[in-house]
Amino acid sequence: QVQLVESGGGLVQAGGSLRLSCAASGRVAMGWFRQAPGKEREFVAAISWSGGSTNYADSVKGRSTISRDNAENTVYLQMNSLKPEDTAVYYCAARRQKWAGAALKSTEYDYWGQGTQVTVSS
């Protein structure tokens, strides 16, 4: 069982930045997803177990960077130039398999964090 603890959400003005963190109880491939009110959960970004591969949703590409600190088993999502449409609950997720890739589908993930709220005001 992998435990995930997210942090870093909050309220920010449009154009601002936030860095989300997800600390895991072991080394895993991770992804970030988000869910806005009344909408389905959607993929945001992912990083492979090795850290050598990343994927981004088109909606955040160029504005966000996912990275990992393997010594701390922590994955970060740096989000810049935030827009009101980025407002959502952000969830980190982990894949059980060692050497797993940066998957885009939520069904590829085995463990989920509790979520952290990101609110971007206009």
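Residues numbered from 1 in each chain as written. Predicted model: local features only at pLDDT ≥ 70, side-chain atom pairs only at ≥ 80, totals over all residues. Heavy atoms only, no water.

Trainee: I'd like to hear about the overall build of the chain, residue by residue, with values.
Mentor: The secondary structure content of the chain amounts to 0 helices and 11 strands. In the chain, the succession of helices and strands from N to C terminus is β-β-β-β-β-β-β-β-β-β-β. At 13 Å, the chain has a C-alpha radius of gyration in line with the 14 Å of a compact globule built from 122 residues. The principal-axis extent of the C-alpha atoms belonging to the chain is close to 40 × 25 × 25 Å. Of all 122 residues assigned to the chain, the portion counted as buried reaches 47%. Considering only residue pairs separated by 6 or more positions, the chain has 58% of its internal contacts joining residues 24 or more positions apart. Looking at the chain as shown, the accessible area adds up to about 6,100 Å², and 44% of this sits on carbon and sulfur atoms. Each charge sign in the chain was given a centre, from 13 positive and 10 negative side chains, and these centres are 4 Å apart. (Helix = DSSP H or I, 4+ residues; strand = E, 2+ residues; numbered from the N terminus. Rg over C-alpha atoms; globule rule 2.2 N^0.38 Å. Buried < 20%, exposed > 50% of the residue type's maximum accessible area, 1.4 Å probe, protein only. Contact = heavy atoms within 4.5 Å. Areas by Shrake-Rupley, 256 points an atom, 1.4 Å probe, with all protein chains shown as cover. Lys, Arg positive; Asp, Glu negative; His and termini not counted. Charge placed at Lys NZ, Arg CZ, Asp CG, Glu CD.)

Trainee: Can you lay out the packing of aromatic side chains for me, pointing to particular residues and giving the numbers?
Mentor: Throughout the structure, instances matching the rule amount to 5 aromatic pairs. Measuring from centroid to centroid gives 5.7 Å for Phe-33 and Phe-43, while their planes differ by 75°, and the two rings are edge-to-face. With Phe-33 in strand β4 (residues 29–35) and Phe-43 in strand β5 (residues 42–47), this residue pair connects regions lying 10 residues apart in the sequence. Taking relative accessible area as the criterion, Phe-33 reaches 1% and is therefore assigned buried. With relative accessibility at 11%, the residue Phe-43 sits in the buried group. A connected cluster of aromatic rings, assembled from ring pairs, spans Phe-33, Phe-43, Tyr-109 and Trp-112. The aromatic ring of Trp-49 is capped on one face by Arg-27, whose charged end is 3.8 Å from the ring centroid. One cation-aromatic arrangement involves Arg-41 over Trp-112; the distance from NZ or CZ to the ring centre is 4.7 Å. (Phe/Tyr/Trp six-rings, centres within 6.5 Å; stacked < 30°, edge-to-face > 60°. Lys NZ or Arg CZ within 6 Å of the ring centre and 35° of its normal.)

Trainee: Describe the pairing of strand β9 (residues 88–95), with residues and values.
Mentor: A regular strand places its side chains so that they alternate between the two faces of the sheet. For β9, the tally of buried residues reaches 7 of 8 residues, placing the bulk of the element in the interior. Bridge analysis of β4 against β9 gives 7 bridges, and the strand direction is antiparallel. Note on β9: the bridge partner recorded for Trp-32 is Cys-92. Pairing analysis gives 2 bridges linking β9 to strand β10 (residues 111–112), with the strands arranged antiparallel. Looking at β10, one finds that Ala-94 is bridged to Tyr-111. (Pairing = 2+ DSSP bridges.)

Keep in mind these values describe shape, not function.
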